[in-house]
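# Structure at a glance
Listed here are the chains, written in short residue letters.
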Amino acid sequence: MPTDVNQQKLNIYLVGPRGFCAGVDRAILMVEEALKKYGKPVYVRHEIVHNKYVVQDLKSKGAIFIDELQDIKNKDRPVIFSAHGVPKSIPAEAKNLKLQFYDATCPLVSKIHREVENYEKQQLPIILIGHHNHPEVIGTMGQIKSPVHLVENKQDVAKLSIPNDQAIACVTQTTLSLDDTKSIIHAIKKKYSHIIEPKKSDICYATTNRQMAVKKIASNCDLFIVIGAYNSSNSLRLVEVAKQYGANKSILIENPDEFDISLINDVQNIGVTASASAPEILVQNFIQFLKENFTTKVYETEYIKEDINFKIPQQLKVAG
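Our subject in this report is the structure included herewith. (Residues numbered from 1 in each chain as written. Predicted model: local features only at pLDDT ≥ 70, side-chain atom pairs only at ≥ 80, totals over all residues. Heavy atoms only, no water.)

## Observations regarding the overall build of the chain
Within the chain, the secondary structure is distributed over 10 helices and 13 strands. Rg of the C-alpha trace for the chain: 21 Å, near the compact-globule value of 20 Å for 320 residues, within the 12% margin. Structurally, the chain occupies a C-alpha span of about 65 × 55 × 30 Å along its principal axes. Here the chain, with 320 residues, has 53% of them falling under the buried criterion. Residue pairs in contact within the chain that sit at least 24 positions apart in sequence constitute 76% of those at least 6 positions apart. When the 39 positive and 36 negative side-chain charges of the chain are each reduced to one mean point, those points stand 5 Å apart. (Helix = DSSP H or I, 4+ residues; strand = E, 2+ residues; numbered from the N terminus. Rg over C-alpha atoms; globule rule 2.2 N^0.38 Å. Buried < 20%, exposed > 50% of the residue type's maximum accessible area, 1.4 Å probe, protein only. Contact = heavy atoms within 4.5 Å. Lys, Arg positive; Asp, Glu negative; His and termini not counted. Charge placed at Lys NZ, Arg CZ, Asp CG, Glu CD.)

Next up, the structure:
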């Protein structure tokens, strides 16, 4: 590395759209409004979204994060369910415990829940393309009593024991890679001739937009940085997409403060984006860090701003 790091020239390609989607905005706002209305503490079951910065910020405002409803010490306090969605057993348990609860499930995830319920009424075997043990997958599978056949890859499709002549329905987790999902659906269609395919909108608009934006710029980059979380599906997919579409190297960072500056040795072009659950402040902090250490030129791609907005429950809007 040069003795004076500022002599190293760095082109920064800042990708857009990036960062918070409407579902994440809504979930965070629900916790903030609940704190305004009810005071501290407000309980949140699981991480409201997969991002440590967001969770720590809400903790500092008075949110208490719990794994299960039984962990709530003061049953008089409200609890909010995370944006990923929950099995039907969770609201039922909350009612049994006489808890006041709000569901911050992203409306696009709720749409998949309704699809699954509808397919069960039609008595169709349901295949869910998704990641084992991801909260969204657990929530979707927990919407119905019938079994849901989870597939993560083409090999799982080959192992399915549903008869080949059986009509089936297929849905997807909302945060998957578009390319990977296409290949899995192709494998399902090869095996089953009667299939109700996932609706195009099953993979959410924000996941789609962020992946498409990365694809456009990845081949220009020696290094691609995704700011997100290691347990965030949409973050991990962005890293994969950058690599698949031509970035020499692609990595995920949770906290720009912990970034290893030596990774920029011999790098001239760096791409930067943020997952749908990562706040813009982390992006700006990282850009500032690069500016302080290198001679930089920032190129921000032109993109159509997302104008989707999901309303919070009316009961929370009475907050002052």
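Now that the structure is up, let's keep going.
## Things to note about the pattern of salt bridges
Enumeration over the complete set of coordinates arrives at 15 salt bridges. As a salt-bridge pair, Glu32 and Lys61 come within 2.9 Å of each other at their nearest N and O atoms. Taken together, the residues span a long stretch of sequence, with Glu32 in helix H1 (residues 22-38) and Lys61 in helix H2 (residues 52-61) at a distance of 29 residues. Owing to a relative accessible area of 23%, Glu32 belongs among the partly exposed residues under this scheme. For the salt bridge of Asp57 with Lys61, the shortest nitrogen-to-oxygen distance reads 3.2 Å. Remark: Lys61 and Asp57 occur in helix H2; sequence separation between them is 4 residues, near one turn of the helix. Salt bridges here are not isolated pairs; linked through shared partners, they connect Arg18, Glu280 and Glu300. (Salt bridge = Lys/Arg side-chain N within 4 Å of Asp/Glu carboxyl O.)

## Things to note about the nonpolar core
Core analysis: the largest hydrophobic core is formed by 32 residues, its most contacted members being Val31, Ile48, Val49, Leu58, Phe65 and Ile80. When residues of this core are traced back to their parent elements, those giving at least two are H1, strand E2 (42-45), H2, strand E3 (63-66), helix H4 (107-121) and helix H8 (205-217). Here the element with the most residues in this core is H1; it accounts for 8 residues. Excluding residues that lie within four positions of it along the chain, Val31 makes contacts with Val44, Ile48, Leu58, Ala63 and Ile80. (Core = buried A, V, L, I, M, F, W, Y, C linked by side-chain atoms within 4.5 Å.)

## Observations concerning the pairing of E2
Each regular strand shows side chains that alternate between the opposite faces of the sheet. Burial along E2 is two-sided: Val42 and Val44 facing one way and Tyr43 and Arg45 facing the other are all buried. Bridging between E2 and E3 involves 4 bridges; their strand directions are parallel. Paired with Val42 across the strands is Ala63, a residue of E3. As for the winding sense of the linkage, the β-α-β connection from E2 through H2 to E3 is right-handed. The pairing of E2 with strand E4 (residues 79-81) spans 3 bridges and is classified as parallel. (Pairing = 2+ DSSP bridges. Right-handed = clockwise from strand over helix to strand, strands pointing away.)

## Structural notes on the state of the cysteines
Put plainly, a disulfide is one covalent bond tying together the sulfur atoms of two cysteines. Counted under the stated rule, the structure contains 0 disulfides. Note on Cys106: no disulfide assigned, nearest cysteine sulfur contributed by Cys21 at a separation of 6.0 Å. Cys170 carries a free sulfur, and the closest cysteine sulfur to it, the one in Cys204, is 17 Å from it. (Disulfide = S-S within 2.5 Å.)

## Focus on the packing of aromatic side chains
Think of a pair of aromatic rings as described by two things: how far the centres are apart, and how the planes are tilted against each other in angle. Enumeration over the complete set of coordinates arrives at 6 aromatic pairs. Where Phe259 meets Phe286, the ring centres are 5.1 Å apart and the plane angle is 80 degrees; that geometry is what we call edge-to-face. Pair noted here: Phe259 is in the loop between strand E11 (249-253) and strand E12 (269-274) and Phe286 is in helix H10 (residues 280-293), with a separation of 27 residues, a long-range link. Here Phe259 matches Phe286 in class, with each residue buried. Consider the rings of Phe286 and Phe289, whose centres lie 6.2 Å apart with planes at 20 degrees: the pair is stacked. Of the two residues, Phe286 and Phe289 both sit in helix H10, 3 residues apart, roughly one turn of that helix. (Phe/Tyr/Trp six-rings, centres within 6.5 Å; stacked < 30°, edge-to-face > 60°.)

## Things to note about the sheet that holds E2
The 4 strands are arranged E3-E2-E4-E5 in an open sheet whose pairing can be described as parallel. The open sheet is flanked by E3 and strand E5 (101-103), the only strands paired with a single partner. Each strand of the sheet is rotated relative to its neighbour by a mean of 25 degrees, with strand direction disregarded. Both E4 and E5 contribute to a ladder of 3 bridges, which runs parallel. Opposite Val79, over in E5, you have Phe101 as the bridge partner. (Axes fitted to C-alpha atoms, helices over the stretch in contact; angles between N-to-C directions.)

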